[in-house]
Amino acid sequence: MEAPRPMPMQPILTLTVNPALDVSTATEQVISGHKLRCGTSRLDPGGGGVNVSRVVQRLGGRTLAVYTAGGPTGEAYRRLIEAERVPTLAVPIQGSTRQDFTVDETTTGKQFRFVLQGPELSEPEWRLCLALVADSIPAGGYVVASGSLPPGVPDDFYARVARLARQQDARCIVDASGPALAEALAEGVFLVKPSRRELGLHFGTTLESDDSQVEAAAALVADGSAEHVALTLGGEGAVLASKSGILRLAVPRVKVTSTVGAGDSFLAAFVLRLAQGRTLEEALRAAVAAGSATVTTLATELCHREDVERLEAQLTAQALDEGAGR
């Protein structure tokens, strides 16, 4: 009997209008008013959508990253992402691409993260982003709009992306907060991935209890704002709400080194598994595995495929054991 052919993998387009050149280093102690001697520094091309594309590619998926770039920082950013061979479309802007700084304090293990404001985009610049997305959306595929909006970009920018995706029968995923998230939810999207803090701010509460977290995520599904809500809870795992019900998954035990990029890695693995035709349960396990693998890496480094697959297998075995015990 002929073996079934694997389903074709759907392509994943990402959009990052406020990318950041991530600079990370370490110092013995962060003290006000002192000159702080730091160790070696690391540069990475960061920003929500770009990080998603970087992880999708590392995990064997097909992706295209649309991002803005300007000034000397933008040129350095462009060289870094090209070195990783991620397929990209860069939108030239007049302003200079921002930088973010991460400093690890070696004596305490604390991590200090400084997130700078992005350059102001003119209307022609952000409209060019939308035009490139419209021309590049994979019919029936996935569009991931992720990260903060820089000054000059309207709050409904991601809602506009969602409308463009719908016209191509593509699924729009939004990872944002504040007004940008609210506008996207008002438009209706396939998936949102808020943190507990971001979802709490949307509803004007703190979501401290398990019940309140589930209720908030389920409410967005019930009112049609999102078909799926992946609520990330840091060390407490994740909750996935959909019309099929609620899934909750704890994180595996790992040594936490840096949390930078963990949410982007989570989202990348989740969308990739769906693009590969996998179930929601499988996608959630891959997502938690990718986020957990990323927190074990130094500074602004992202997850590695072998670590993700190892943790994914561990979570799968755990789920099978739990099922056998029922």
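For the structure, check the block above.
What comes next is a walk through the structure. These numbers were taken from a predicted model, which means no experiment stands behind them.

Rules and cut-offs
Residues numbered from 1 in each chain as written. Predicted model: local features only at pLDDT ≥ 70, side-chain atom pairs only at ≥ 80, totals over all residues. Heavy atoms only, no water. Helix = DSSP H or I, 4+ residues; strand = E, 2+ residues; numbered from the N terminus. Buried < 20%, exposed > 50% of the residue type's maximum accessible area, 1.4 Å probe, protein only. Polar contact = N/O pair within 3.5 Å; in protein donor to acceptor, adjacent residues only side chain to side chain. Contact = heavy atoms within 4.5 Å. Salt bridge = Lys/Arg side-chain N within 4 Å of Asp/Glu carboxyl O. Core = buried A, V, L, I, M, F, W, Y, C linked by side-chain atoms within 4.5 Å. Pairing = 2+ DSSP bridges. Axes fitted to C-alpha atoms, helices over the stretch in contact; angles between N-to-C directions. Parallel < 35°, antiparallel > 145°, perpendicular 65-115°, else oblique. Left-handed = near helix turned anticlockwise from the far one by under 90°.

Observations regarding unusual backbone geometry
Across the chain, the bulk of peptide bonds are trans and the bulk of non-glycine residues have phi less than zero.
Okay, step 1: For L207, which is not glycine, the phi dihedral falls at a positive 55 degrees.
Okay, step 2: With a phi close to 50 degrees, A299 is a non-glycine residue in the positive phi region.
Okay, step 3: For A299, the position within the fold is in the loop between α9 (280–295) and α10 (305–325).
Okay, step 4: Overall, the relative accessible area of 10% leaves A299 in the buried class.

Quick notes on the side chain of R54
Okay, step 1: Among the secondary structure elements, R54 is positioned in helix α1 (residues 48–58).
Okay, step 2: Residue classification places R54 among the buried residues on the basis of a relative accessible area of 1%.
Okay, step 3: A distance of 3.1 Å separates a polar atom in the side chain of R54 from the backbone oxygen of P45.
Okay, step 4: If we skip the residues at most four places from it in the chain, R54 touches D44, P45, E84, V86 and L302.

Focus: the pattern of salt bridges
Okay, step 1: Within this structure, the stated rule accounts for 17 salt bridges.
Okay, step 2: Between R54 and D44 there is a salt bridge whose closest N-O contact spans 3.6 Å. With R54 in helix α1 and D44 in strand β3 (residues 42–46), this residue pair connects regions lying 10 residues apart in the sequence. Residues R54 and D44 agree in their burial class; the two are buried.
Okay, step 3: One salt bridge in this structure joins D307 and R310, with 3.4 Å as the shortest N-O distance. Here D307 and its partner R310 are both found in helix α10, three residues apart, which amounts to about one turn of the helix.
Okay, step 4: Taken together, the salt bridges that share partners define one network made up of R42, D44, R54, R58, E84 and E301.

Section: the nonpolar core
Okay, step 1: The biggest cluster of nonpolar side chains holds 43 residues, and the ones touching the most others in it are F157, Y158, V161, V174, V189, V192 and V229.
Okay, step 2: Top element by residues in this core is helix α4 (residues 157–167). It accounts for six residues.
Okay, step 3: Once residues within four sequence positions are removed from consideration, V229 is found in contact with L191, V192, P194, A217, L220, V221, V239, L240 and A241.
Okay, step 4: In terms of nonpolar packing, the next biggest core, distinct from the first, is built from 37 residues, V55, A230, A238 and A293 among them.

Details of the sheet that holds strand β11 (residues 226–232)
Okay, step 1: Pairing is mixed in the open sheet, where nine strands are placed in the order β5-β4-β1-β8-β9-β10-β11-β12-β13. The open sheet terminates on both sides in strands that have one partner only, identified here as β5 (88–92) and β13 (245–249). Each adjacent strand pair in this sheet contributes to an overall mean axis angle of 15 degrees, direction not counted.
Okay, step 2: Of the pairings in the sheet, the one linking strand β9 (residues 171–175) to strand β10 (residues 189–192) comprises two bridges and is parallel in character. Paired with I173 across the two strands is L191, which belongs to β10.
Okay, step 3: In the packing of α1 onto the sheet, contacts are made with β1 (12–16), β4 (63–69) and β8 (142–146), and the angle to β1 comes to roughly 150 degrees.

Details of the packing of helix α3 (residues 123–136) against α4
Okay, step 1: Interhelical geometry of α3 versus α4 gives an angle of 20 degrees and a closest axis separation of 10 Å. On the basis of the axis angle, α3 is roughly parallel to α4. Note that α3 runs across α4; the crossing there is right-handed. Across the interface between the two elements, W126, R127, C129, L130 and A134 from α3 touch F157, R160, V161 and L164 from α4.

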